[in-house]
Amino acid sequence: MQIFALIASLLIISNLPNSVADDSKSPTYIWAGHIIITQLEGTNTFAAYSTKTGKWASHTFPDGLQATPFVSNSCVAFQLSGKSIAELVAVDENGIWRIHKLSKPTQAVCVPTIGEQLLYYAFDGHTHAFSGIQGKWDSVSTTHAVLSGKVGMEFVLVVTPTSISAFSAQHPAWATIKTTSKVKG
């Protein structure tokens, strides 16, 4: 009897009229885990919704900056390009926009590598990492990195000929140990 009720419910739902007359005019969005993100039409503004807080929050990127979102279960990162990028922007799992001011603006295309709980960018001799579960950024100099980043589900490693630096989603601050020999990754 329950199977018939389920089939009847599915038939009713599948035959309901679509409330959007033209799907091509529906807003675009992406989601994963706790976060939904959409760009507001005709603007450089993005809005993020968190299932943890049940709220929307938005951020407007400067004119002349191209932003493309990448979403994981716990955070959103943006590939950024433009004449001058002065900050990196991420969204944590609570839907809060987190800004990381760069020590000096860059003209590099900033491409994130994103894991399940964190993300990082490596450019201009630095690696900038963000924890989506803690909502915090940190940076480390990676001028001589032989491995500019290796992302796991919960950590990022940066290996140089004389050190290993680690950033954890749970403890979002770079920790560096000096080594006496080259480290193989």
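No experiment lies behind these values; they were computed from the predicted model shown.

A word on the pairing of strand β10 (residues 118-123)
Within a regular strand, side chains alternate between the sheet's two faces.
So, point 1. For β10, a buried count of five out of six residues is recorded, marking the element as mostly surrounded by other parts of the structure.
So, point 2. Of the strand pairs in this sheet, strand β9 (residues 113-114) and β10 are connected by two bridges, and their pairing is antiparallel. Within β10, the residue paired with I114 across the bridge is L119.
So, point 3. Here β9 hands over to β10 after three residues, the two strands then running antiparallel side by side.
So, point 4. One ladder, built from six bridges, connects β10 with strand β11 (residues 126-131); its direction is antiparallel. Bridge assignment links L119 to a residue of β11, and that residue is F130.
So, point 5. Counting the residues between successive antiparallel strands, the hairpin from β10 to β11 contains two residues, one of them, D124, with a positive phi of roughly 50°.

Regarding the sheet that holds strand β8 (residues 97-106)
So, point 1. Strand order in the open sheet formed by four strands is β5-β6-β7-β8, with antiparallel pairing between adjacent strands. Looking along the sheet, the strands with just one partner apiece sit at the ends: β5 (66-71) and β8. Shown here is a sheet whose adjacent strand axes are inclined to one another by a mean of 25°, direction ignored.

A word on the side chain of S131
So, point 1. By the secondary structure assignment, S131 is in strand β11.
So, point 2. Here S131 falls in the buried class, since its relative accessible area comes to 0%.

What counts and what doesn't
- Residues numbered from 1 in each chain as written.
- Predicted model: local features only at pLDDT ≥ 70, side-chain atom pairs only at ≥ 80, totals over all residues.
- Heavy atoms only, no water.
- Buried < 20%, exposed > 50% of the residue type's maximum accessible area, 1.4 Å probe, protein only.
- Helix = DSSP H or I, 4+ residues; strand = E, 2+ residues; numbered from the N terminus.
- Pairing = 2+ DSSP bridges.
- Axes fitted to C-alpha atoms, helices over the stretch in contact; angles between N-to-C directions.

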